[in-house]
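# An overview of the molecular structure
Next come the chains, spelled out residue by residue.
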Amino acid sequence: MRFGLGYDSHVFEDGRKLVLGGVAFPGETGLKAHSDGDVLIHAIIDALFGAAALGDIGSHFPDTDEKWRDADSSDLLAEAVRIVAAAGYSIGNIDATVICERPRLSSRILEIRTRLAQIMSLDVSQVSVKGKTNEKMDDVGAGRGIVVHAIAALHH
Ligand code: MG
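### Notes on the coordination of the magnesium ion
Those donors, Asp-8 (OD), His-10 (NE2) and His-42 (ND1), are the protein atoms that reach the magnesium ion, and they lie 2.1 to 2.2 Å from it. In terms of primary sequence, the donors binding the magnesium ion are separated according to D-x1-H-x31-H. Separated by 34 residues along the polypeptide, Asp-8 in strand S1 (residues 2–20) and His-42 in helix H1 (residues 39–51) bring together distant segments of the chain.

Below is the structure:
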């Protein structure tokens, strides 16, 4: 069993669409990014590459590459799973914590877990996502952006 840690953060930017874990949040402010800004998927990708010691999201999908401009992060996650599987690993489970003041995630958690499981060809029981606020502390607590921590367990 191997474990990998993932982290990502993005600031809100007016005029962008918010997507978290491949799920759209209509009416919410989106995140500034080269890709679609799916901060949850980005953290999970880094957890997967970290567990396999295969680098990170930037080394596989560089944001200097026009190929990834406005990329659908769901496609990047599916590709990351293929890369990890090609190295001989299967995913045991994923756990992630999304930290933001908005949006409130509780009513959308099962939808996000289901979508992430679908992208990674996992059972929903293998994918956990929790939402927290930062109790109004610091920039995240002031509502400037979203932070995600994720961990992945891989079997060889
Ligand atoms: Mg990112």
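### Some details on unusual backbone geometry
Most peptide bonds take the trans form, and the phi angle of most residues other than glycine is negative. The step from Arg-102 to Pro-103 runs through a cis peptide bond, and the omega angle for that step is -10 degrees. Examined against the element boundaries, Pro-103 turns out to sit in the loop between strand S3 (90–99) and helix H4 (109–120). Positioned with a positive phi, Lys-136 is a non-glycine residue whose angle comes to about 65 degrees. Mapped onto the secondary structure, Lys-136 falls in the loop between strand S4 (127–132) and helix H5 (138–141). Judged by relative accessible area, which is 65%, Lys-136 ranks as exposed. In the Ramachandran plot, Asp-138 falls in the positive-phi region, its phi being about 60 degrees despite a non-glycine side chain. Along the polypeptide, Asp-138 turns up in helix H5. Judged by its relative accessible area of 64%, Asp-138 falls in the exposed class.

### Some details on the sheet that holds strand S2 (residues 23–31)
Taken in spatial order, the five strands of this open sheet run S2-S1-S5-S3-S4, and their pairing is mixed. Each edge of the sheet is formed by a strand with only one pairing partner; in this case those strands are S2 and S4. Going across the sheet, the axis of each strand differs from the next one's by a mean of 30 degrees, ignoring polarity. Relative to S4, S3 runs parallel, the two being bridged by six bridges.

### Some points on a nonpolar patch on the surface
Among the surface-exposed residues, Met-1, Phe-3, Leu-5 and Ile-151 lie close enough to one another that they form a single nonpolar patch of about 470 Å² accessible area. As for its position among the elements, Ile-151 is in strand S5 (residues 145–155).

### Things to note about the pairing of S3
Moving residue by residue along a regular strand, the side chains alternate between the two faces of the sheet. Looking at chain direction, S3 and S5 are connected through nine bridges and run antiparallel. Looking at the pairing, Ile-91 lines up with Leu-154 of S5.

### A word on the packing of aromatic side chains
Scanning the entire structure with this criterion turns up one aromatic pair. Relative to Phe-61, the ring of Phe-49 has its centre 6.3 Å away and its plane inclined at 45 degrees; by these criteria the two rings are tilted. With Phe-49 in helix H1 and Phe-61 in the loop between helix H2 (57–60) and helix H3 (73–86), this residue pair connects regions lying 12 residues apart in the sequence. Seen from the ring of Phe-25, Arg-108 lies directly overhead, with NZ or CZ sitting 4.6 Å from the centre.

### A word on the packing of H3 against H4
Closest axis-to-axis distance for the H3/H4 pair is 8 Å, and the angle between their directions is 50 degrees. One way to sum up the angle between H3 and H4 is to call them oblique. Along its contact with H3, which presents Ser-74, Leu-77, Ala-78 and Val-81, the element H4 presents Arg-115, Leu-116, Ile-119 and Met-120. Grouping the constituent residues of the contact of H3 with H4 by class yields six nonpolar, one polar and one charged.

Rules used throughout
- Residues numbered from 1 in each chain as written.
- Predicted model: local features only at pLDDT ≥ 70, side-chain atom pairs only at ≥ 80, totals over all residues.
- Heavy atoms only, no water.
- Donors = N, O, S within 2.8 Å, 3.2 Å for Na, K, Ca; no water.
- Helix = DSSP H or I, 4+ residues; strand = E, 2+ residues; numbered from the N terminus.
- Buried < 20%, exposed > 50% of the residue type's maximum accessible area, 1.4 Å probe, protein only.
- Pairing = 2+ DSSP bridges.
- Axes fitted to C-alpha atoms, helices over the stretch in contact; angles between N-to-C directions.
- Patch = residues over 30% accessible without salt bridge, like charges linked within 9 Å, V, L, I, M, F, W, Y side chains within 5 Å.
- Areas by Shrake-Rupley, 256 points an atom, 1.4 Å probe, with all protein chains shown as cover.
- Salt bridge = Lys/Arg side-chain N within 4 Å of Asp/Glu carboxyl O.
- Phe/Tyr/Trp six-rings, centres within 6.5 Å; stacked < 30°, edge-to-face > 60°.
- Lys NZ or Arg CZ within 6 Å of the ring centre and 35° of its normal.
- Parallel < 35°, antiparallel > 145°, perpendicular 65-115°, else oblique.
- Contact = heavy atoms within 4.5 Å.
- Nonpolar A, V, L, I, M, F, W, Y, C, P; charged D, E, K, R; others polar.

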